[in-house]
Every structure is written in C-alpha cells, then in structure tokens.
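The primary structure of each chain is shown beneath.
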Amino acid sequence: MGFVEDGIAWFEEQRLLYFATPATYVPVEGDFIEINVTVASPQTVGGEKPGVKELKHIQEFIVNENGLRAKPTPGDVIIFNGIKYEVANAEGMPCYERLTTQGASLLLIRTVRKAEQ
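Residues numbered from 1 in each chain as written. Predicted model: local features only at pLDDT ≥ 70, side-chain atom pairs only at ≥ 80, totals over all residues. Heavy atoms only, no water.

Novice: For the overall build of the protein chain, give the residues involved together with the corresponding values.
Specialist: Helix and strand content of the protein chain: one helix and eight strands. The proportion of buried residues among the 117 residues of the protein chain is 36%. Looking at the protein chain alone, contacts between residues at least 24 apart form 53% of all its contacts between residues at least 6 apart. (Helix = DSSP H or I, 4+ residues; strand = E, 2+ residues; numbered from the N terminus. Buried < 20%, exposed > 50% of the residue type's maximum accessible area, 1.4 Å probe, protein only. Contact = heavy atoms within 4.5 Å.)

Below you can see the structure in the form of structure tokens.
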C-alpha cells in the first residue's frame with residue numbers, strides 16, 4: 001500500500017472506532033442493512049410562505065460504500081437513534097457525494113428528517 005492508501009485505511013479505522021454509530025439503511029427496493037454511520041452537523045433550512053414557515057431538517061451521514069448493496073437513491077431511508085431520515089437531493093445538492101477515490105470508498109449521504117408518524 002502507498003502513503004495515500006495507508007492514510008485512508010487509518011482514517012476509516014479511526015472513524016469506525018471513535019465516530020461511527022450503528023444505523024439501519026432501508027433501500028426503496030430490497031432488504032434493510034445494518035451499517036455504521038458518522039453523523040455530520042445537522043442543518044435546518046427553510047423559506048417563508050404566507051402564514052406558514054416550512055423547515056427542512058437536513059442531516060448528512062458518512063458511510064463506507066462497501067457496506068451498501070447499491071448506490072444511495074432518493075427515497076431510501078436511514079434509521080438513526082429511532083428517527084427516520086429520507087435520502088434526498090436536498091437544497092439543490094445530489095443525495096450523495098464520494099469523499100474518497102482510493103481505498104475505502106466513503107460517501108456523504110444527504111437526508112431530510114421525515115415527519116413524525
């Protein structure tokens with residue numbers, strides 16, 4: 001392994017040891033998967049409509065792509081701490097971005113918190 005690959009492997013090891021939390025990934029089609037996620041800072045965004053304030057609670061998760069069976073798609077759900085987050089193209093951004101190109105393939109997945117049901 002080269003220097004970059006060693007660094008990526010070390011980062012993934014540290015992420016799993018200290019910053020990863022179990023979650024459940026539920027694709028639109030197929031069975032659920034138990035995964036480890038690293039939670040990014042949540043964002044609340046929204047605009048004003050006459051008499052109504054719409055807010056979206058955007059949560060980003062870092063996930064090792066190797067743990068998923070397919071690429072994230074809008075409509076998939078991540079259940080984290082009992083709360084459902086729907087994978088979405090939030091605020092004009094794609095639903096996921098690749099964070100690394102070598103070694104462990106980390107994805108930043110964008111979600112919107114689903115309304116209480």
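What follows continues from the structure just given.
Novice: Please give an account of the environment of Gly67 that cites residues and values.
Specialist: Mapped onto the fold, Gly67 is located in the loop between strand E4 (52–64) and strand E5 (77–80). Aside from chain neighbours lying at most four places away, what touches Gly67 is Ile33 and Ile35.

Novice: Run through the pattern of salt bridges, naming residues and quoting values.
Specialist: Applying the stated rule across the entire model yields four salt bridges. Residue Lys71 pairs with Glu65 through a salt bridge whose shortest N-O separation is 2.7 Å. Residue classification places Glu65 among the buried residues on the basis of a relative accessible area of 15%. Here Arg98 ties to Glu65 by a salt bridge, and the two come within 2.4 Å at their closest N and O atoms. Here Arg98, found in strand E7 (residues 96–98), pairs with Glu65, found in the loop between E4 and E5; they are 33 residues apart in sequence, far enough to count as distant. Counted as one network, the salt bridges with shared partners bring together Glu60, Glu97 and Arg110. (Salt bridge = Lys/Arg side-chain N within 4 Å of Asp/Glu carboxyl O.)

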